[in-house]
Amino acid sequence: MSDQAQSDEFPLISGTQEEKLEDGIALCLSGGGYRAMLFHLGVLWYLHDAGYLRRLSRISSVSGGSITAGVLGTRWSELGADDPSTAFRQHVVSPLRRMAGTTIDAQSVLGGVLWFGTVSDRIVKRYRELLFGDRTLQDLPDHPRFVINATSVQTGSLFRFSKPYVADWQVGRYPNPRTSVAEAVAASSAFPPVLSPVVLRFAASDFSEDLKPLFGPPYTRAVLTDGGVYDNLGLETAWKRCKTILVSDAGGKMDPDEEPAVNWASHSLRINSLIDNQVRSLRKRQIVSAFKSGLRSGAYWGMRTDPDKYPAQSRLTLPREKAGELAGVATRLKGLPDELQERLVNFGYGMAERAIRSHFDQDAHAAEQFPYPRGI
């Protein structure tokens with residue numbers, strides 16, 4: 001990472017200017033396909049039950065986490081109903097569960113090969129049909145701030161979608177964007193190489209704030225890939241803003257491989273996994289170090305974290321071997337059976353409870369049972 005990138009994008013903890021941080025709580029949702037989407041749904045469910053969902057000031061997401069965040073953001077106004085529990089199930093849980101039962105990646109790739117249109121166009125179409133309709137970024141709430149993150153293939157920077165603006169720090173800001181939520185989520189979850197890139201075209205006049213050296217064509221034709229390529233925890237935009245950070249990491253399990261494939265395709269996928277694993281580990285260490293030093297408060301939990309290492313007592317049983325199985329679910333947008341969906345939701349719920357009660361708020365809601373009776 002260059003010195004310029006460190007200073008402008010993700011400053012080292014030792015260089016953080018604390019006076020600029022807000023008192024609010026930020027939630028970061030990582031990538032990981034439907035596995036992440038459902039794990040994070042469980043996390044949101046716990047935060048809802050614990051009374052923390054309404055206390056969030058920022059939700060930053062990448063990839064599969066952006067699917068969950070996009071549904072929460074576009075249904076936020078529906079959650080203030082007289083029966084909040086029913087409203088959460090109806091407006092957040094139900095659409096995500098329907099999505100999780102539908103395969104869209106393989107169909108979109110096949111459609112892009114056999115018919116006109118790109119793979120990304122077909123993914124956007126499916127997101128519109130299944131989740132978001134014609135909702136735009138202007139349909140997100142003013143509070144909390146939802147930030148859906150993609151990666152610019154052109155500039156190598158984070159490309160941020162939010163209600164106030166779309167931005168690439170090397171290009172500029174497009175205020176009050178009418179970009180569809182389906183396009184933003186598709187860009188954020190454009191897993192390379194098969195679902196990437198997503199190409200969005202903007203007019204030069206759209207970028208009218210904080211213009212940077214790369215402003216103008218060809219950079220107003222944004223070529224975007226998965227947000228996890230740049231920031232696999234969705235951490236950056238939250239870290240620079242908030243004193244309290246809750247990080248939900250649904251990164252998959254990476255096992256040793258005694259005889260890795262040597263053909264170029266399989267080898268490339270293995271190398272990409274190694275890079276992702278290394279960067280994720282570095283960011284995790286940075287988060288934990290900041291918590292220990294007092295630079296930040298909050299909690300981190302991940303699918304690969306041993307549940308038994310959280311000291312808080314819990315009535316929710318999280319067997320280590322079953323947690324390992326769930327962490328190994330493939331990173332796909334491939335339909336999952338109901339039983340596996342429920343286990344992933346329960347896993348996210350239980351891990352959020354343990355981490356928050358262990359390292360952030362020991363008096364937080366102590367759940368009596370999982371959302372679904374089968375456990376994990």
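Residues numbered from 1 in each chain as written. Predicted model: local features only at pLDDT ≥ 70, side-chain atom pairs only at ≥ 80, totals over all residues. Heavy atoms only, no water.

## Focus on the confidence of the model for the protein
Detailed reading of the predicted coordinates is not advisable wherever pLDDT falls low.
1) Next: Per-residue confidence for the protein averages 89 on the pLDDT scale, and 91% of its residues sit at or above 70.
2) Next: Below a pLDDT of 50 lies the segment residues 1-18, which in the model reaches 32 contacts outside its immediate sequence neighbourhood of four places, other chains included.
3) Next: Taken as a whole, residues 108-114 scores under 50 in pLDDT and shows 12 contacts with residues more than four places along the chain or in a different chain. (pLDDT = per-residue confidence, 0-100. Contact = heavy atoms within 4.5 Å.)

## Overview of unusual backbone geometry
1) Next: Note the cis peptide between Ser 196 and Pro 197, where omega equals 5°.
2) Next: Turning to its location among the elements, Pro 197 is positioned in the loop between α7 (181-188) and β7 (198-201).
3) Next: For the bond running from Pro 217 to Pro 218, omega is 5°, close enough to zero to count as cis.
4) Next: Structurally, the position occupied by Pro 218 is in the loop between β7 and β8 (221-226).
5) Next: The phi torsion at Asp 210 lies on the positive side, around 50°, for a residue other than glycine.
6) Next: Inspection of the secondary structure puts Asp 210 in the loop between β7 and β8. (Helix = DSSP H or I, 4+ residues; strand = E, 2+ residues; numbered from the N terminus.)

## Comments concerning the pairing of strand β2 (residues 56-62)
1) Next: Of all the 7 residues making up β2, 7 are buried; the element is thus mostly covered by neighbouring parts of the structure.
2) Next: Running through helix α2 (residues 33-49), the crossover from strand β1 (residues 22-29) to the neighbouring parallel element β2 is right-handed. (Buried < 20%, exposed > 50% of the residue type's maximum accessible area, 1.4 Å probe, protein only. Right-handed = clockwise from strand over helix to strand, strands pointing away.)

## Quick notes on the packing of helix α3 (residues 64-74) against helix α6 (residues 119-132)
1) Next: Contact geometry of α3 with α6 gives a least axis separation of 11 Å together with a crossing angle of 50°. It follows that α3 is oblique to α6 by the angle criterion. Relative to α6, α3 is oriented so that their crossing is right-handed. Contacts between α3 and α6 involve Ile 67, Gly 70, Val 71 and Thr 74 from the first element and Tyr 127, Leu 131 and Phe 132 from the second. (Axes fitted to C-alpha atoms, helices over the stretch in contact; angles between N-to-C directions. Parallel < 35°, antiparallel > 145°, perpendicular 65-115°, else oblique. Left-handed = near helix turned anticlockwise from the far one by under 90°.)

## Topic: the pattern of salt bridges
Pairing between side chains of opposite charge can happen when the charged atoms of each approach one another.
1) Next: Counted according to the given criterion, the structure contains 13 salt bridges.
2) Next: A salt bridge links Arg 97 to Glu 342; its shortest N-O distance comes to 3.9 Å. Of this pair, Arg 97 sits in helix α4 (residues 84-100) while Glu 342 sits in helix α11 (residues 338-359), and the two are 245 residues apart along the sequence.
3) Next: By relative accessible area, which is 16% here, Arg 97 ends up buried.
4) Next: Among the ionic pairs, Asp 210 bridges to Lys 212, the shortest N-O distance being 3.3 Å.
5) Next: Its relative accessible area of 30% is what places Lys 212 among the partly exposed residues. (Salt bridge = Lys/Arg side-chain N within 4 Å of Asp/Glu carboxyl O.)

## Looking at the environment of Gly 328
1) Next: Relative to the helices and strands, Gly 328 resides in the loop between α10 (320-327) and α11.
2) Next: Judged by its relative accessible area of 48%, Gly 328 is partly exposed.
3) Next: Between the alpha carbons of Gly 328 and Ala 367 there is a distance of 26 Å; along the sequence they are 39 residues apart.

## A short note on α2
1) Next: Compared with an ideal rise of 1.5 Å per residue, which puts 17 residues at 24 Å, α2 spans 25 Å between its outermost C-alpha atoms and is within 8% of the ideal.
2) Next: One or two positions beyond α2, positive phi appears at Gly 51, with a value near 80°. (Expected span 1.5 Å × (residues − 1).)

## Brief notes about the packing of aromatic side chains
1) Next: In the structure shown here, the tally under the stated rule is 12 aromatic pairs.
2) Next: Taken together, a centroid distance of 5.4 Å and an interplanar angle of 75° make the contact between Phe 39 and Phe 347 edge-to-face. Note that Phe 39 is positioned in helix α2 and Phe 347 in helix α11, a separation of 308 residues in sequence. Here the two residues Phe 39 and Phe 347 agree in accessibility, since each one is buried.
3) Next: Ring geometry for Phe 202 versus Phe 207: centroids 5.6 Å apart, planes at 90°, classification edge-to-face.
4) Next: Above the face of the Tyr 165 ring, Arg 173 is positioned so that its terminal group lies 4.1 Å from the ring centre.
5) Next: Above the ring of Trp 239, the side-chain terminus of Arg 296 is found at 4.5 Å from the ring centroid. (Phe/Tyr/Trp six-rings, centres within 6.5 Å; stacked < 30°, edge-to-face > 60°. Lys NZ or Arg CZ within 6 Å of the ring centre and 35° of its normal.)

## Things to note about α4
1) Next: Across its 17 residues, α4 extends 23 Å between first and last C-alpha, which sits within 8% of the 24 Å expected from 1.5 Å per residue.
2) Next: The axis of α4 is deflected most strongly, by about 35°, at Val 93, and proline Pro 95 appears within four residues downstream.
3) Next: Every buried residue belonging to α4 is among Ala 87, Phe 88, His 91, Val 92, Val 93, Pro 95, Leu 96, Arg 97, Met 99 and Ala 100, and all of these are buried.
4) Next: Those residues of α4 that are buried lie in contact with α2, α3, α6 and α11. (Bend = angle between axes of the 7 residues up to and from the residue.)

## A short note on the environment of Leu 79
1) Next: Along the chain, Leu 79 turns up in the loop between α3 and α4.
2) Next: Look at Leu 79 and you get buried, because its relative accessible area is 6%.
3) Next: Taking the C-alpha atoms as reference points, Leu 79 and Arg 54, separated by 25 residues in sequence, lie 9.6 Å from one another.
4) Next: If sequence neighbours within four positions are ignored, Leu 79 has contacts with Leu 53, Arg 54, Leu 72, Pro 84, Ala 87, Phe 88 and Val 92.

## What to know about a nonpolar patch on the surface
1) Next: A cluster of nonpolar side chains, Ile 271, Leu 274 and Ile 275, forms an exposed patch at the surface whose accessible area comes to about 240 Å².
2) Next: By secondary structure assignment, the location of Leu 274 is in helix α9 (residues 264-293).
3) Next: The class for Leu 274 is partly exposed, based on a relative accessible area of 39%. (Patch = residues over 30% accessible without salt bridge, like charges linked within 9 Å, V, L, I, M, F, W, Y side chains within 5 Å. Areas by Shrake-Rupley, 256 points an atom, 1.4 Å probe, with all protein chains shown as cover.)

## Let's talk about the side chain of Thr 179
1) Next: With respect to the element layout, Thr 179 can be found in the loop between β6 (172-175) and α7.
2) Next: On the basis of relative accessibility, which here comes to 7%, the residue Thr 179 falls in the buried class.
3) Next: Ignoring sequence-local partners within four residues, the contact set of Thr 179 consists of Thr 136, Leu 137, Phe 161, Val 166, Tyr 174, Leu 200 and Phe 202.

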